[in-house]
Amino acid sequence: MNPFSSGTRLRDMIRAIRACKTAAEERGVVRKECAAIRAAISENDQDYRHRNLAKLMFIHMLGYPTHFGQMECLKLIASPGFPEKRIGYLGLMLLLDERQEVLMLVTNSIKQDLNHTNQYIVGLALCALGNIGSAEMARDLAPEVERLLKFRDPNVRKKAALCSIRIIKKVPDLAENFINPAAALLSEKHHGVLITGVQLCIDLCKVSTEALEYFRKKCTDGLVKLTRDLANSPYAPEYDVSGITDPFLQIRLLRLLRALGQDDADASDAMNDILAQVATKTESNKNAGNAILYECVAAIMSVEDNGGLRVLAINILGRFLSNRDNNIRYVALNMLMKALAVDSQAVQRHQTTILECVKDSDPSIRKRAVELVYLLVNESNVKPMTKELIEYLEASDPEFRGDLTAKICSIVEKFSPEKIWYIDQMLKVLSEAGTDVKDEVWHSLIVVMTNASNLHGYAVRSLYRAVQATGEQETLVRVAVWCIGEYGDMLVNDAGRLDIEEPLTVTESDAVDVVETSFKSHSFDLTTRAMCLIALLKLSSRFPSCSQRINDIIVQHKGSFVLELQQRAIEFNSIIDRHQNIRPSLVERMPILDEATHSGRKGGAVPAAVSTSQGVSVNLPNGVAKPSAAPLVDLLDLSSDDVPAPSSSGGDFLQDLLGVDLAPVSSQSGTNQAQKSGTDVLLDLLSIGTPPANSIPSTTQASPSNFDTKSPVDLLDRMSSPSAPSVQVSTTAGSSPMLDLLNGFPSSPPIAVTEGNGPAYPSMVAFESSSLKLTFNFSKQPGNPQTTLIEASFTNKSQEVLTNFIFQAAVPKFLQLHLDPASGNMLPANSNGSITQKLKLTNSQHGKKSLVMRIRIAYKVNDKDVLEQGQVNNFPRDL
């Protein structure tokens, strides 16, 4: 016989395939065999049809396409004999799935076999339907399956129950048809039928609330009795597993009891006793007993509140944590995480065992234990728990340090009782795993240190010691360099030393050495080295005796190939060499950073107290509601205050616009310096020089008026404009020249002056687009120079009517804005009409700060919403 004819036995084909030495040779054998099978199919060879299908199934399992044999499955299923049907159904389940359209052709054959007199053929049909039945097949065959749940043979009833589970999952609407038959299965004596009946009830409870209520009322007591009988049953060899009677059935019963007891007090009371009995009498020295205990704990945690039972369940989980089996410890940690929400005090009793799991050799257990410890920490136990975690951090595996470090930092930041403890713990983490610390963590540390003014000296000395001990942790070096640059004088002078500190002697040269060593380390990245340069610049002012040495270090990098370092070195060298008079003000200490703002930004929302134009009161961060004195519209995310804080520094205006804190800081140079104007603050931010206080610009070119040093907003606007003309500023003799890096600024619009009547303010086009034009007309109240009355006039330049017109405006906190209602909400087309609206502006810093406003205009064109916005900066100076 040809070894590759359709009559080849299955074992011969398998032997031929296994004898192949290469994949190409195997493909050749399979190709020839498939060709022979195709020939037999085309010749309608009935004698070897079952053999050909068996070979096709083996070829399919090898990964080769066998779609051409799908119809052979249907032909074998339609055969009258059991052997052919068995091979046909097996091929159907293996070669097809529920998405195949061919499956619709077999529905009628399955229906006939479900009504067959041979129980084995009925079992084949149920097995096929339970494995690959589609929703359409489920609807067509559900009556037959429901009838078979009462069949005389237990094997058929068992398969019918499993098939019913697939039917209700595919078509939940059919669940009500199976409620009564499923309840009848719970009284079965055959454990095979009983376990499938319990699983059917569990799935019915998931898809149907009607079934859940029915089982609660009718079946709870019976299930409790059945569970008690199983737990107390004597030795039964046919169901015994490690000395426990049918643990599989017990687990299924506990799952059903859990579903029935959840959110139902009556059902929970009925099953409390049996749950306590199972939890106390089940042996835990075998895996089968542990499985039952775990399901019992899950049931106790799900049913209605019973404090004693839950403590018992959590104690069982605590015993699981001491088990040598990794799987048992892992599931116990998972369950304890869920138990925390139910009874956190009971879980706290096992924190020592949980901390031991953090040190486990299995990475999955370590990770889960760290997550559980993170949830266990509170204000009362944060110190001992953090100490344990940091001690383990020293010996932890490198791949685990990232997760552990993130959790420790989050715990310390969230539950820190005092700032000195927070600083100490963060320094320990930075010293042990600084490379694994995220940027926002050390940013937060710096914010906390700036706010703890009494700990500045302690912090810089602690960082100095830490860097001396472990100088290879880059994040630690960043924080240390920043602090030395800010508080280097406190480090050298031993200022602010606490009683708990040991004496430390540091010279100015020692402090510079730390920064220089870090700067010259090639293992650190650009950010760290740039921070070192800034720290050196600040120390050049703090330590005059080291100024020349620092300058020499900076000069060495003026030719650096790294552009960032080269630019900083050139600019800083220029400041040290040529701008001694402004250097102390440039390198003053950073202002105190707002912790609430930083936390809000880190969490994705910046807290701000704002008032809308409708006068709505908004809660402040401390929970105190503050009604607005005047309606304000916050378009800039700026805080609004009823009483503006008095300030004489032009930097406050920049603070309002830029969202930064520029609170004035006293100079440490010992000289009395004049107050800085807005221009000084701006130039400080841009790292450029400023003329001394007695220097007055005398002449300007390409500008119709003198250079205005009182309007930093105007400077910022002109600076951002690409079309701004160049302005050259010349100074009086004897004054130091201004470093002109910005090519000057154009001035604000001139003010017309009329004789005898004071200044008269001309109309101003505040905003103009392709469709809208906004004009401001100004007036002043006699004897009240701080208040400006503005009449806003809106005209429509387009050819379409604008409807639902709304105007909104926002101002910084030193201004108060009041908006009167608009004269209308519809703008005619082609400038045929206008809308007017009156505004009242009160400037608490009149004469020191200019007006600035952000506007937003909303309207509809042809039922489409349009939003336009812009900023008005060119107000007359004397308003």
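The rules behind these values
Residues numbered from 1 in each chain as written. Predicted model: local features only at pLDDT ≥ 70, side-chain atom pairs only at ≥ 80, totals over all residues. Heavy atoms only, no water. Helix = DSSP H or I, 4+ residues; strand = E, 2+ residues; numbered from the N terminus. Contact = heavy atoms within 4.5 Å. Axes fitted to C-alpha atoms, helices over the stretch in contact; angles between N-to-C directions. Parallel < 35°, antiparallel > 145°, perpendicular 65-115°, else oblique. Nonpolar A, V, L, I, M, F, W, Y, C, P; charged D, E, K, R; others polar. Buried < 20%, exposed > 50% of the residue type's maximum accessible area, 1.4 Å probe, protein only. Pairing = 2+ DSSP bridges. pLDDT = per-residue confidence, 0-100.

J.: Before we go on, may I ask you to explain the environment of Thr803 in this structure?
T.: Mapping Thr803 onto the fold places it in strand S12 (residues 803-810). For the pair Thr803 and Ala858, spaced 55 residues apart in sequence, the C-alpha separation works out to 9.3 Å. When residues no more than four places from it in sequence are discounted, the contact partners of Thr803 are Asn825, Met826, Tyr859 and Lys860.

J.: What is the right way to look at the packing of helix H24 (residues 419-433) against helix H27 (residues 474-493) in this model?
T.: Axis angle and axis distance: for two packed helices, these are the angle between their axes and the distance between the axes, and together they describe the pair. Contact geometry of H24 with H27 gives a least axis separation of 7 Å together with a crossing angle of 135°. The pairing of H24 with H27 is recorded here as oblique in orientation. Listed contacts from H27 to Leu427, Leu430 and Ser431 of H24 are Thr475, Leu476 and Val479. Across the contact of H24 with H27, the residue classes tally to four nonpolar, two polar and no charged.

J.: Hey, could you run me through the pairing of strand S13 (residues 815-819) in this one?
T.: The side chains of a regular strand alternate, residue by residue, between the two faces of the sheet. Of the two faces of S13, the one holding Leu815, Leu817 and Leu819 is buried and the one holding Gln816 and His818 is not buried anywhere. Direction of pairing for S13 relative to strand S14 (residues 834-843): antiparallel, over a ladder of five bridges. When the bridges of S14 are listed, Gln816 appears paired with Thr842.

J.: Would you mind going over the confidence of the model for the protein chain with me for this structure?
T.: For any part of a model where pLDDT is low, the fine detail of the predicted coordinates should not be relied upon. Mean pLDDT over the protein chain stands at 80; residues scoring 70 or higher make up 81%. Every residue in residues 1-5 is under pLDDT 50, and counting partners more than four places away or in other chains gives twelve contacts. Throughout residues 605-758 the model reports pLDDT below 50, and contacts reaching past four residues in sequence, or to other chains, amount to 247 contacts.

J.: Just to check I follow, could you spell out the sheet that holds S13 for this structure?
T.: Note on sheets: strands pair through backbone hydrogen bonds, and any given pair is parallel or antiparallel. Taken in spatial order, the five strands line up as S9-S10-S11-S14-S13 in an open sheet, and their pairing is antiparallel. The open sheet has two edge strands with one neighbour each: strand S9 (764-768) and S13. Between one strand and the next, the sheet's axes are offset by a mean angle of 25°, whatever the strand orientation.

J.: Would you mind showing me how to read the sheet that holds strand S16 (residues 864-872) here?
T.: Pairing is antiparallel across the open sheet formed by three strands, whose spatial order is S12-S15-S16. What marks the edges here is a single partner per strand, and that holds for S12 and S16. This sheet shows a mean twist of 15° between the axes of neighbouring strands, independent of strand direction. Pairing between S12 and strand S15 (residues 853-861): six bridges, direction antiparallel. Across the sheet, residue Thr803 finds its bridge partner in S15, namely Lys860.

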